[in-house]
Amino acid sequence: GGGGQREGFRVALVTPGSIADAAWNAGAYAGLGQVRDSLGAVVSHVEARTPAEQEEALRTYAAEGYAVVFGHGFEFQGAAERVAADHPNTVFIITSGERVRGNVAPLVFRLHEASRLAGLAAGALTRTGVIGFVGGIELPPIREAYEAWAAGAAVTRPGVESRFTYLNNFDDAAAGREAAHALIRQGADVLHHNADAAALGVFQAVRETPGTWIFGANADQAALAPERVVASAVIDLPRAILAVAREVKEGRFTPRVESFGLASGVIRFEVNPRARAALPDSVWALVVRVRDSIAAAAP
Amino acid sequence: MSAPSTFDLRPLTTSALALAAGLVLLAAGLAAAGHDPAAALGAMWRGAFGSWYAFTSATLLRATPLIVIGLGFALALRGGALNIGAEGQFYAGAIAATWAAFQLGALPAPLAIPLTWLAALAGGALWVLVPVVLKRRFGVLEVISTLLLNFVAEALVSLMVQGPMQEPAGIYPQSAPIPAAARLPLLPGTRLHAGFLVALALAAAMAFLLARTVWGFRLRAAGAAPRAAELIGRVDAGRFAGVALLASGAIAGLAGALEVSGVSYALYQNLSPGYGFTAIAVALLARGHPLGIVASGILFGALEAGAGAMQREAGVPSVTVYVVEAVVILAVLLADARGRSTPAVAGA
Amino acid sequence: MITGFLAAAVRIASPLLLAAVGEVVSQRGGTINLGLEGAMLAGALAAALAAGGGGAEAGLLAAAVAGLAVAAIFALVAIGAGADQIIAGTAVTLGAVGLTGAVFRTAFGSAGTGPTLPMLEPLAVPGLWRMPLIGEALFRQPLPTYLAFAAVPAAWWVLFRTRWGRALRAAGEDAASARAAGVPVRRVRGVAVLAGGLLAGLAGGSLVLAQVGTFAEKMTAGRGFVAIAIVVLGRWHPVGALAAALLFGALQALQFVFQAMGLDVPYQLFLMLPYLLTLLALAGAVGRVRAPGELGRGERGTGSGER
Amino acid sequence: MRDGQGGRDGRDGRDDPPSPSQPPQPPQPSQPSLLSLSAISKRFGPVTALDGVDFAVAAGEVHALLGENGAGKSTLMHVAYGLVAPDAGVVSVDGHPATIRSPRDARRLGLGMVHQHFTSVPAFTVAENVALAAGWPARPRENAHRVGELAARLGLALDPAARAGLLSVGLRQRLEIVKALAPGARVLLLDEPTGVLAPAEVEDLFATVRGFVREGGAAVLITHALDEALAVADRVTVLRAGRVTLSGPAAEQDHDALARAMLGTEPARHAPVLPSIRPAVVVRFDRVTIPAEAGRGPGARDVSLTVHAGEIVGVAAVEGNGQRELLRGAAGVLALARGSLDRTGEAVLIPEDRTTEALLPDLSLTENAALGLADRPGWSERGLMRWREARQRTAVLLREHDVRAPGPDVTARTLSGGNQQKLVVARALAAEPALVVAEHPARGLDIGATRAVHAELRRAAAAGAAVLFHSPYLDEVLGLATRVVVMTGGRLVEVGAGAGREEVGRVMVGSKVAGQGSKDAGARP
Ligand SMILES: Nc1ncnc2c1ncn2[C@@H]1O[C@H](COP(=O)(O)OP(=O)(O)OP(=O)(O)O)[C@@H](O)[C@H]1O
Ligand SMILES: Nc1ncnc2c1ncn2[C@@H]1O[C@H](COP(=O)(O)OP(=O)(O)OP(=O)(O)O)[C@@H](O)[C@H]1O
Ligand SMILES: [Mg+2]
Ligand SMILES: [Mg+2]
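Quantities reported herein were computed from a predicted structural model and do not represent experimental measurements.

Draft legend 1. A look at the packing of helix H3 (residues 52–78) of chain B against helix H11 (residues 275–285) of chain B. Residue and element names in this part refer to chain B. At a closest axis distance of 8 Å, the pairing of H3 and H11 adopts a crossing angle of 70°. Relative to H11, the element H3 is oriented roughly perpendicular. Where H3 crosses over H11, the handedness of that crossing is right-handed. In contact with Arg 62, Pro 65, Leu 66, Ile 69, Gly 70, Phe 73 and Ala 74 of H3, H11 contributes Tyr 275, Gly 276, Thr 278, Ala 279, Ile 280, Val 282 and Ala 283. For the contact of H3 with H11, a count of residues per class yields 10 nonpolar, three polar and one charged.

Next comes the structure, spelled out in structure tokens:
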């Protein structure tokens, strides 16, 4: 392997898509910026859409002596394992990854913990007894988020019907809007999503349909519909990325499954103060109670 | 070789000029956007040709599917059919190859690998069979039908990796890793897999087929002037177009197999970044000449590899390279048009 | 329920219709423009860039201009130089994907356009919009939808009731004969392609300004290609394109309804549905209809370039 | 001079400059000219199409413009009609210099043109085509009405609602004339309008033209038929290699003088053909019926015919009477609906439209030759092409058949029409077929090229092949055939051995009226 350590602490990020997606990739890129600013690291980013490009990107960074390489998505796991064997001096962090293999370690985001809270609130909020979810591509974290959301709603509204729609991409915002409208016509009056840029259309559908509510995802999205966003299930990607990078820099890092949930503060449930009044205090009290118990149960 | 396949050097110079035009435009755009053009272009060069590793593992690796699909597109084109659906056929082939790899994983590699290829060829051909039938039976333009099937293929591959072919744990939208016996050998010290040799062999075979065989000559005749080929050459031009379309679908399918068994080792939803479309440009740049396609495939592979390096080293978004590719294609088209003599006026 | 479904079908159909009507005009002149997707994408980005500062109407205008500009590049190569239309169109779309991506990131960074874009609000036609069933779908829509519907009779009128349209159709059917009749073939074709680009730009702009209020890379998601299929399915006629666009819009809306109903069927099957049924419709509908005689032939099919 | 076009220059010395014994005469019309072109020059790359040509036509006059293929006749008319911009020279209308940049300008100045090839849009109706050519507003109903009236006034029956592409050839030509006259033309430019017409239709056309000039119009008639020119024209002008070699009143010219001016030498008379009668039957049609493509005439109906080795059977017919189906049936490229067809040995077809049906325009001459010969020994072996040998054989073929080309590697597109046709014939005969089927083998060729092609066909027959051919020119049929048959309304009629022009013409046209019902769908009753 290459990996001759060069001057300075170097951190690289490989995203599976454009960093202008205002969500998953954008968050990671923001994290990289913080790594540069807070740790004084030399940083680099590249976008690698296909397995061919992904493995190449990881390998190139490792060969150039980067100390940490983030593969931003489960799809980097296999490639990282192949590369890591040749580059023991580089730490490979796979967000949403699967398992530890030598110097490959996953970062797991339990966004679904926040989505469960969103579900609890949604169950209390729905008048029709139908809730809807719009997903981009059916990836594991997205499906988990949906399932937690549905399960949460079933607690506060037994027998709630939860529906979902997948778009098969993360770009087509107009399709997101139509998917949301179709759900609304099916009776859904509370929506949640995990569709990155395509979800902007979901917000539009909610804005233009009176009597509907929405829960944001990934970032605090209250600004997208200030009167209708009840809360957002937030991943603070920069915080997680910075934390891991700092560990490596300070020599404290040991390969492990690093999992972030509500307890870590990386996953948060951000309530929109302007919409808080939509729900009775009793429901909020329940949400807070569940949040605390999830956080307390965390490893 | 003889008359029909004389290799004219003029296209090479126009292609080189077109490439230069694309790069100059890129440099100007980068300067306008506040980047350092010299640094960016330098990074591009290093990413594509800067080392043996970069050349093989970045440039040639990317070139492989472009060459293979480009060869198929050119075959169809010269037989008189326009296959815009290689993207879909690529996925059909990838699905078929993955499936076959699991069925055949117990066989030794020299058996398993060709059988996965066969499966992929069949998968790609099957995917284009619908356009062939629609064209022959109902006169539906294959440009439209192959295009529409791309959307269907996208959904199909998603269905496969979430459904019947999902990895056993049922968590990730991907297949399990294919058995070692179905994986292609790598060039030692690089990531370049034997699929590149397949691409070269295919190009040589196609050059031979088109230039030297009676069948290839008839195919070209049928594509160049279907009526004349029918009346004088006594060939069924529609049938040749259909066969050429089927073959091009099969070849795009093969590219899917090479990608799965040489690069990703599993079926993924995003296996292709649009190889099917870029390969059209690759084939055009070589004017459908098989050996030229190898060269232009490597050029496009280099551009995309270089784009990655440009983003890594200079922070320039890699999508920018599409602009360069577009400029190269358009410049070649313009240069070609200038060199072409105009046909005679009506009534002369 | 039905009302909402119809409204959804019309919403989905209208950008497709805008682009398809333009492409009908272009193809009637003998030019097939696969750069349509690129023109839409450019229109979408231009709309987002201009609407931020100048309001939604300025955005719409910018979208039209951007579509026009992309079509102009295509026309220069495919008509001006007589190059292969399919390849020129593919290249133009490729370039537009790259350029919009690069410009978008330069202009908005990684944050995206955010929710700040002004939008074109639905305009209700007084009285009519309250009609049962179809009122909402047809008479309470944002401006681009009305533009799309107005484009149908307008294109029909231009094609079949003006000298220019007749010249264009002649150029598209038989360039040599058109030239003998004094038709400046390249010029009318060029104008037709530019008109098509303008409408495609509007279509892209409408996605941003009338549908989602934001730009995302590749947000056109193949609509330009679908619009071309709609032209063929609509038999190269504006009214046919209207019917085909509505059919496709309805199939797409149905797809979402099926998913939202929570049926126990893999959702990917629903995603395929509109495309498969369009293929089926093509097989059934196209059969005996002839494409314009010069379609896609470019200079190979025309006489000399004497002027 | 067409220099650099290998071999062309030396052809029989015909490209010599006009001899001093025939000085170009400036046109001296008796009345002021409606249209006059003076000192017009035009080059296309290396080809000088027009070299200082003067030409004029006055009201009340028919002016015939003659010349061999490529002499520049069409180009001259295109200059007048605004389709070609001259390099030098002046176009005047009514004695005033005019700027004609497009057919629209020409129309405005009162010019109408019937082009050498049909220029109707097949997908348009008759009315739409006329309106397009005349620049009328796009009002379908009104235009249909106007066209109906106009056709009636000209005595040319045409259904305004019929699609141009479905009209018979005769009706399509009628449409061309209506189009030329519709904008109220005073000068009519007719570029080889008679090529596709039957004798009776030619008569009709000339009657229309005469009527037009009697009412003060002027007409220019381009034709290859010298007798036709002498019969109908008041004045004749002959072009050779872009220059005027003769111009004067028609009454003072005769056939031979015109031919000399056109070719520079006395045309050789055809050597009389002695058919080598051999009894071997090559094709036998027995009550064969072959349907036509939709809208393209009656097809061949219930046809019986036997063709022997050594025979040249000429099929006389007006376009669209089933001869195409008969010939293509014999060549084995159209399927029979009924009856039986026996053929011993191979057949080759020389199709009518050489650019789309016989040649690969963008491929080399070697490849074009190989198209018909690929599976023959010497051209290929066990599925592999032998290009080197094929190239040599093609070179020999070009030499032996006097195809003038720089070599076997140039593309077919770069050859002139006559040489393209010679290549097509050479390739067909190189296959040594038992049957040669030729559709209008001299289409668009000048006298020299026509003669060469005829000689080839005669040689093939003498060598034992059977030849079955069709030409719309009755004289060509009568001159080349050893036996003449007529196709009319899809049926085959044998005519007697000594049948002359009149008789054959009568059979062709007489029965055409009988069989009109289905074919002339576009005509008004
Ligand atoms: N657009 C053109 N480009 C190049 N050469 C041309 C063009 N038009 C005519 N020519 C050439 O000019 C010469 C004169 O052609 P023209 O068509 O005027 O001849 P013509 O007398 O009408 O012949 P024909 O009897 O075959 O119709 C020919 O050599 C022809 O090839
Ligand atoms: N579009 C063209 N491009 C290049 N050369 C051309 C073109 N058109 C005509 N020529 C050249 O002009 C010359 C005359 O062509 P044309 O077809 O008019 O021949 P022609 O004089 O009618 O001869 P022929 O009697 O054999 O038909 C040929 O040598 C041909 O190569
Ligand atoms: Mg000629
Ligand atoms: Mg002529």
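Draft legend 2. Structural context of the confidence of the model for chain D. All names here are of chain D. Looking at chain D as a whole, the pLDDT averages 82, with 84% of positions reaching at least 70. Taken together, the stretch residues 510–525 has pLDDT below 50 and engages in 27 contacts with residues farther than four places along the chain or on a different chain. Model confidence for the complex is summarised by a pTM of 0.85, with the ipTM given as 0.83.

Draft legend 3. Here's a closer look at the interface of chain A and chain C. Contacts between chain A and chain C engage 34 residues on the former and 33 residues on the latter. Buried area between chain A and chain C, summed over both chains or domains, comes out near 2900 Å², and the portion from carbon and sulfur atoms is 58%. In terms of surface lost to chain C, no three residues of chain A exceed Ala 20, Glu 178 and Arg 185 of chain A, which account for 22% of the buried area on that side. At the boundary of chain A with chain C, the tally comes to three salt bridges. The shortest N-O distance in the salt bridge between Asp 172 of chain A and Arg 223 of chain C comes to 2.9 Å. Viewed at the interface, chain C and chain A are joined by eight residue pairs in polar contact (both at pLDDT 80 or more). Going through the elements one at a time, helix H1 (24–39), strand S7 (161–166), helix H6 (173–185) and helix H7 (199–207) of chain A are the ones with two or more residues in the side of chain A that touches chain C. The leading source of residues in the side of chain A that touches chain C is H6 of chain A, at 10 residues.

Draft legend 4. Local environment of the sheet that holds strand S12 (residues 267–271) of chain A. All names here are of chain A. Read across the open sheet, the six strands follow the order S7-S6-S8-S9-S10-S12; overall the sheet is mixed. At either margin of the open sheet sits one strand with a lone partner, and together these are S7 and S12. Taken pair by pair, the neighbouring strands of this sheet meet at an average axis angle of 15°, ignoring direction. In this sheet, S7 lies alongside strand S6 (residues 130–135) in parallel orientation, the contact comprising six bridges. Its bridge partner being in S7, Ile 131 is matched across the sheet by Ser 162. Each of S6, S7 and strand S8 (190–194) is contacted by H6, which is oriented at about 165° to S6, the strand it contacts most.

What counts, and where the lines are drawn
- Throughout this document, residue positions are counted from 1 along each chain, in the order its sequence is written.
- Labels are handed out in written order, letters beginning with A for the chains and numbers beginning with 1 for the ligands.
- pLDDT decides what is reported in this predicted model: residues at 70 or higher carry local features, side-chain atom pairs at 80 or more are listed and counted, and totals for whole chains, interfaces and linings draw on all residues regardless.
- Side-chain numbers come from the whole structure's heavy atoms, not from hydrogens or water.
- Between N-to-C directions, angles cover 0 to 180 degrees, with each direction set by a line fitted to C-alpha atoms, over the stretch in contact for helices.
- Helical segments are the DSSP runs of H or I of at least four residues, strand segments are the runs of E of at least two, and each set is numbered from the N terminus.
- For this classification, under 35 degrees means roughly parallel, over 145 means roughly antiparallel, 65 to 115 means roughly perpendicular, and everything else is oblique.
- In a left-handed crossing the near helix is turned counterclockwise from the far helix by less than a right angle, and in a right-handed crossing that turn is clockwise.
- The contact rule is simple, with two residues in contact once any of their heavy atoms fall within 4.5 Å.
- Residue polarity follows a fixed list, in which Ala, Val, Leu, Ile, Met, Phe, Trp, Tyr, Cys and Pro are nonpolar, Asp, Glu, Lys and Arg are charged, and the others, Gly among them, are polar.
- Every residue is assigned a pLDDT by the predictor, reflecting its confidence on a scale from 0 to 100.
- The term buried area refers to how much accessible surface (probe radius 1.4 Å) is lost by two components on association, counted for both of them together.
- We define a salt bridge as a contact between a side-chain nitrogen of Lys or Arg and a carboxyl oxygen of Asp or Glu at a distance within 4 Å.
- Counted as a polar contact is a pair of N or O atoms within 3.5 Å, where, for protein atoms, one must be capable of donating a hydrogen and the other of accepting one, and residues adjacent in sequence contribute only when both atoms are in side chains.
- By definition, two strands form a pair when at least two bridges between them are found by DSSP.

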